[in-house]
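So the chains spell out like this:
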Amino acid sequence: MVFSSLFFLYLFLPVLLMAYFVFKNTTYRNWVLILFSFAFYAWGEPIWIILLLLASIIGYVFALGIERYRGTGLAKLLFVLAVSVNIGILAFFKYAGFLVDNLNAVLPFHIPHPEVTLPIGISFFTFEIICYLTDVYKGVIEAPRSPKKLLLYVSFFPHLVAGPIIRYTDIQQQIDNPKVTLAGFSEGITRFMIGLGKKVIFANLLGESVSVILNPSADSSVLGIWFGVCLFALQIYFDFSGYSDMAIGLGKMFGFNLRENFNYPYISKNAGDFWRRWNMSLGGFFRDYVYIPLGGNRRFHVRNLFVVWFLTGFWHGASWNFIIWGLYFGLLIYLESLFLRKWLDAAPKFVAHIYMTLAMLVGWVWFYFTDLWAAVKALGIMFGASSLPLTTVELEIYFKENLLLFLIAIIASTPLAKWTIGRICQANPRLQTGLQDYAVPVFNVALLIAATILLVGSTYNPFLYYRF
Amino acid sequence: MKRQAKLNIILFLVFIFGLSAVNLLGAKSQTVSQLEQRAIQQRPAFTIDRFFEGKFTREYDNFFADNFAFRTSLVQVGTDMKQLKGMPVGDTASIVVQGGDNMAVNMNATGEATEAGATAASSTTSKYLILNDRAFTLFAYSPSAAEKYAEALNRFKSSVDPKVRVYSLLAPTSIEFLDNEKYKQMSDSQKVAFDHLNELLDPSIGRVDAYGALNEHRSEYIYFRTDHHWTALGAYYAYTKFMDTIGDKPVPLDRYESGEIEGFLGTAYKGTLNVDLKSNPDTITYYTPFVDNTYTMYTSKGKAAVKKVVDPNYAKRGNGFYAVFLGGDYPWGEIKTSNKNGKRIAVVKDSYANAFVPYLLPHFEKVYYLDPRHMNENMLDFVKREKITDVLFLNNSTVARNDGIAKLLNEKMDLGK
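- In the annotation of an unreviewed UniProt entry, the entry for chain B reads AlgX/AlgJ SGNH hydrolase-like domain-containing protein, and the organism field reads Cohnella kolymensis.

- Per an unreviewed UniProt entry, chain A is named Alginate O-acetyltransferase, and its organism is Cohnella kolymensis.
- According to the UniProt record, the Subcellular location (unreviewed entry) comment for chain A is "Cell membrane".
- Here is the UniProt Sequence similarities (unreviewed entry) comment for chain A, exactly as written: "Belongs to the membrane-bound acyltransferase family."

Re the overall build of chain B
Argument step 1. The number of helices and strands found in chain B is 13 helices and 15 strands.
Argument step 2. When its C-alpha atoms are laid out on the principal axes, chain B stretches across 90 × 55 × 45 Å.
Argument step 3. Going through the 417 residues of chain B one by one, you find that 55% of them count as buried.
Argument step 4. The contacts in chain B between residues at least 6 apart in sequence include a share of 73% that link residues at least 24 apart.
Argument step 5. Here chain B has roughly 18,100 Å² of accessible surface; of this, 52% comes from carbon and sulfur atoms.
Argument step 6. Of the side chains in chain B, 50 bear a positive and 48 a negative charge, and the two mean positions are spaced by 6 Å.

Let's talk about helix α6 (residues 147-155) of chain A
Residue and element names in this part refer to chain A.
Argument step 1. With 7 of 9 residues buried, α6 lies mostly within the body of the structure.
Argument step 2. Taken together, the buried positions of α6 are Lys-148, Leu-150, Leu-151, Leu-152, Tyr-153, Val-154 and Ser-155.
Argument step 3. Each element contacted by the buried residues of α6 is listed here: α2 (26-44), α3 (49-68), α5 (122-137), α7 (157-160) and α8 (168-176).

Quick look at the domain arrangement of chain B
Argument step 1. Partitioning chain B into domains gives domain 1 (2-88) and domain 2 (139-414).
Argument step 2. Just the C-alpha atoms count here: the centres of domain 1 of chain B and domain 2 of chain B sit 39 Å apart.

Here we look at the environment of Thr-285 of chain B
Residues and elements named next belong to chain B.
Argument step 1. Summarising the element assignment, Thr-285 is placed in strand β9 (residues 282-288).
Argument step 2. What makes Thr-285 partly exposed here is its relative accessible area of 21%.
Argument step 3. Apart from residues lying up to four places away in sequence, Thr-285 is in contact with Ala-232, Ser-258, Gly-259, Glu-260 and Phe-325.

Focus: the packing of aromatic side chains
All names here are of chain A.
Argument step 1. Tallying each qualifying case throughout the model produces 100 aromatic pairs over all chains.
Argument step 2. Between Phe-8 and Phe-157, the ring centres sit 6.2 Å apart and the planes meet at 55 degrees, which makes this aromatic pair tilted. With a gap of 149 residues between them, Phe-8 in helix α1 (residues 6-22) and Phe-157 in helix α7 connect regions that are remote in the sequence.
Argument step 3. The class of Phe-157 is buried, set by a relative accessible area of 0%.
Argument step 4. Centroid distance Phe-285 to Tyr-289: 5.3 Å. Interplanar angle 15 degrees. Geometry classified as stacked. Taken together, the residues span about one helical turn, with Phe-285 and Tyr-289 both in helix α12 (residues 280-294) at a distance of 4 residues.

So, unusual backbone geometry
Argument step 1. The omega angle of the peptide bond from Gly-163 of chain A to Pro-164 of chain A is 5 degrees, so this bond is cis rather than trans.
Argument step 2. Assignment of secondary structure puts Pro-164 of chain A in the loop between α7 and α8.
Argument step 3. Positive phi, close to 65 degrees, is recorded for Leu-326 of chain B, a residue that is not glycine.
Argument step 4. Along the chain, Leu-326 of chain B falls in the loop between β11 (304-307) and β12 (332-337).
Argument step 5. Of note in this structure, Lys-387 of chain B is not a glycine but carries a positive phi near 55 degrees.
Argument step 6. When you line up the elements, Lys-387 of chain B lands in the loop between α12 (379-385) and β15 (390-396).
Argument step 7. The class of Lys-387 of chain B is exposed, set by a relative accessible area of 59%.

Observations concerning the packing of α1 of chain A against helix α9 (residues 182-213) of chain A
What describes two packed helices is the angle between their axes and the distance between those same axes.
All names here are of chain A.
Argument step 1. Put simply, α1 and α9 touch, their axes get as near as 15 Å, and they point 165 degrees apart. Judged by the angle between their axes, α1 and α9 are roughly antiparallel. The element α1 and its partner α9 pack so that their crossing is right-handed. Counted together, Phe-8, Leu-9, Leu-17 and Phe-21 of α1 and Phe-185, Phe-192 and Leu-196 of α9 form the full contact between these two elements.
Argument step 2. Its residues assigned to classes, the contact of α1 with α9 shows 7 nonpolar, no polar and no charged.

Brief notes about the layout of surface pockets
Residues and elements named next belong to chain A.
Argument step 1. Of the volumes computed, that of the second largest pocket is approximately 1,600 Å³.
Argument step 2. Taken together, 44 residues form the lining of the second largest pocket, with Thr-190, Ile-194, Tyr-264, Lys-418 and Phe-443 sitting closest to its centre.
Argument step 3. Here the residues of the lining of the second largest pocket sort into 24 nonpolar, 13 polar and 7 charged.

Procedures and definitions
Position numbers for residues start from 1 in each chain and track the written sequence from start to end. For this description, chains carry letters from A and ligands carry numbers from 1, given in the order in which they are written. Note on the predicted model: pLDDT of at least 70 is required for a residue's local features to be given, and 80 or more for side-chain atom pairs to be given and counted; whole-chain, interface and lining totals, by contrast, use all residues. As a rule here, side-chain values come from all non-hydrogen atoms in the structure, and water together with hydrogens is ignored. UniProt positions are given in the numbering used here, feature names are shortened, and annotations may be inferred rather than shown by experiment. Labels follow the DSSP assignment, with helices taken as runs of H or I lasting at least four residues and strands as runs of E lasting at least two, numbered in each case from the N terminus. Summary of the burial criterion: residues with accessible area below 20% of their type's maximum are buried, those above 50% are exposed, and those between are partly exposed, where the area comes from a 1.4 Å probe applied to protein chains only. Here a residue-residue contact requires only that any non-hydrogen atoms of the pair lie within 4.5 Å. Accessibility throughout is a Shrake-Rupley quantity obtained with a 1.4 Å probe, and a residue counts as covered only by protein chains that appear here. Asp and Glu count as negative and Lys and Arg as positive, but His and the ends of the chain are not part of the count. Here the site of a charge means atom NZ of a Lys, CZ of an Arg, CG of an Asp or CD of a Glu. What counts as a domain boundary in this text is fixed by an automatic or database domain assignment. Note on aromatic pairs: the rings of Phe, Tyr and Trp (six-membered ring only in Trp) are paired at centre separations within 6.5 Å, and the planes decide the class, stacked below 30 degrees, edge-to-face beyond 60, tilted for the rest. A fitted line through C-alpha atoms serves as each axis, taken over the contacting stretch for helices, and the angle formed by two N-to-C directions is quoted from 0 to 180°. For classification purposes, angles smaller than 35 degrees are called roughly parallel, those larger than 145 roughly antiparallel, those between 65 and 115 roughly perpendicular, and all remaining angles oblique. Each crossing gets its hand from how the near helix is turned against the far one by less than a right angle, where anticlockwise is left-handed and clockwise is right-handed. Each residue gets one of three labels, nonpolar for Ala, Val, Leu, Ile, Met, Phe, Trp, Tyr, Cys and Pro, charged for Asp, Glu, Lys and Arg, and polar for the others, Gly among them. Using only the protein atoms, space was sampled on a 1 Å grid; points where a 1.4 Å probe fits but cannot get out form cavities, open sets with protein on both sides within 12 Å along at least five of seven lines form pockets, and lining residues are those with an atom within 4 Å of a point. Grid points are joined across faces, edges and corners, and a volume is the space filled by probe spheres set on the points.

Dropping the structure here:
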């Protein structure tokens, strides 16, 4: 199940709201959340609900063990064991195929390719359990006695399948003491609507064009590939950040403050800046739980960078193009720390923006094409190393057909709208209340209506049988 | 702050609960979507097995989406809304790639990139070019597809009795005759494709130059605007060339009584829901056969039904008006005429032949048609059994675009072996 679906909006959510607000007792409310979260997951992965349960139980039991034997070697053993099991689960379900394929390329004998399907959300909840175990081991938190607290932390449906990656400390207070207020609920609605709009209006529509324009069998052109990659950059931003917005909004509605995940990444001035604005919860996880423990930039700087960026890329997908994408950013960050930052800071601001935009777009080429050869080909076309024309008639049509959406998407990916409205409100406080009290609610409903219409529209599936 | 919170919450709850209630209480009586020509997903049965296989939840999602309140109107509104993403400058040209998704869910990359590089333009999608008020399907030439098709026809010729005469008619699609060079070059040349294909055919197979006839009459209403088929007029011109090839005289068109059906919105409209197409529907002109005939069509289960070769009543049933010709696409059909000249023709066809077959009635004792997509008898056995004297392969340029038909033809020659 995804948030941007008719089933979630018009069946799951209303039933959940009714079940939650029927009770006044926090304990009952938390159990409602747990049950609905498991139902949410089971709807998409009926069998792997067992995995979610198993991972949570392992986390719970081992954390209590670590707590009990704190200070002894047994605690360390339990910690290492628990983390390994979690990584093992992730490695098996996500990376077994990749490992086998690569081994087969070098080994003299052939290992059969394992047919494993990837349970959704596994990359998120295994990381969160590892966070939790680490925090317990380090003494940052006490392992809670009650299993329901861990269950709620791991399974809480807003962040379950697509993040943000939250830490137990983020919501510890709120599990014990959720403050559901009218203001909070309303803020949650607004945040959710923004996310819904980002996903359904921007990401989905942009995505339709991306798959057509970047199709390898299409009549490509130099500008065509550039346009396609730009559209993809916008699509993936609105898709991922929209989903995070919806998660944060839903969390807020129930009194939980999930950590932010995006901060206008496309206005970054350098790669380091970019990764402090893109998928912030993942970057934060790798920084706090891998990079710094390994020595950060004090000891073995290059090795640590390599490990972290390899893992960042690899986390996004079990394929070499993702690893290359991660290492590519690692390399940029390293070069920036050596000399590039100094140059960029000394140059006029627009130079940094151009550098970052180009760097980001090239990065997305590696991200989009799972086939390395296709990625290299696309880059070749983009930088003039092919015999393709600059533009084609088909591209003209696609460009005109998407121009307005494209421009609005670019503007919406920057804080321009927020700043403008902020300035206007500063100058005119009464307008601010007017906007807040009336414009925002109406805008939210407009987004909901538009999203609903588009979602219904995308169910249109005519029988194209006549193609013979 | 309180006021904003209250209004926001009230609007949200009213809308979410309101629409959910309307949805819940709405009648789920529809079984078929006329617009999409497919069955509407019914409420799936719940069993533990089906749940754990994921079938139940997937079907339920489809059921929920298919039966959503106001779906048919919202679908049209949604398509119109999507037009807003562009800027209308210059020609009103647009490209629509149709490949629908029933679940209204786009499981896109949200950091877990699974199918980030997947393509939507796979073989199950169609690309339409809509120029002002006309729709065209773009043609992309695949030499290997053309080769496979020629091979299949050659194999057929060498497998049947040498006395059976075999012909090939390739029908071009409308984009070939678009006078706007700028947009025409988006599509490959069908002339080149057909020439190449014809070269590969066995010399004993008669080639019908339908292309030439259609080219001559390109400024007439020979193709529909909102549908991918040719009109009955276009089929007639192709028929005249077929007569040339077999050495017979074509019956003049004015010998036929004609009728017109307005408001035809065809396959291209259904695939795109484009508003310009909707406001400029086609007119089907049909020509009623004058030769006494009995037309029996056979379903895939072997049931026979007697129908009219050209039946304007089909236009009223909302099936898709093109079914006026031959009643639609069936595995095979037989038309017995009052001619007693011993000539029996079998047309191995795609739906382009539907508008063409009626013109054959004055020339043959029996006219059969075979649809390689559906027939479940071996084609070669059929020809022998019914003592066919002439076989015409009539297909549109799709056979030079993908090898689906070639594969089917081979299958139908292998059946039962």
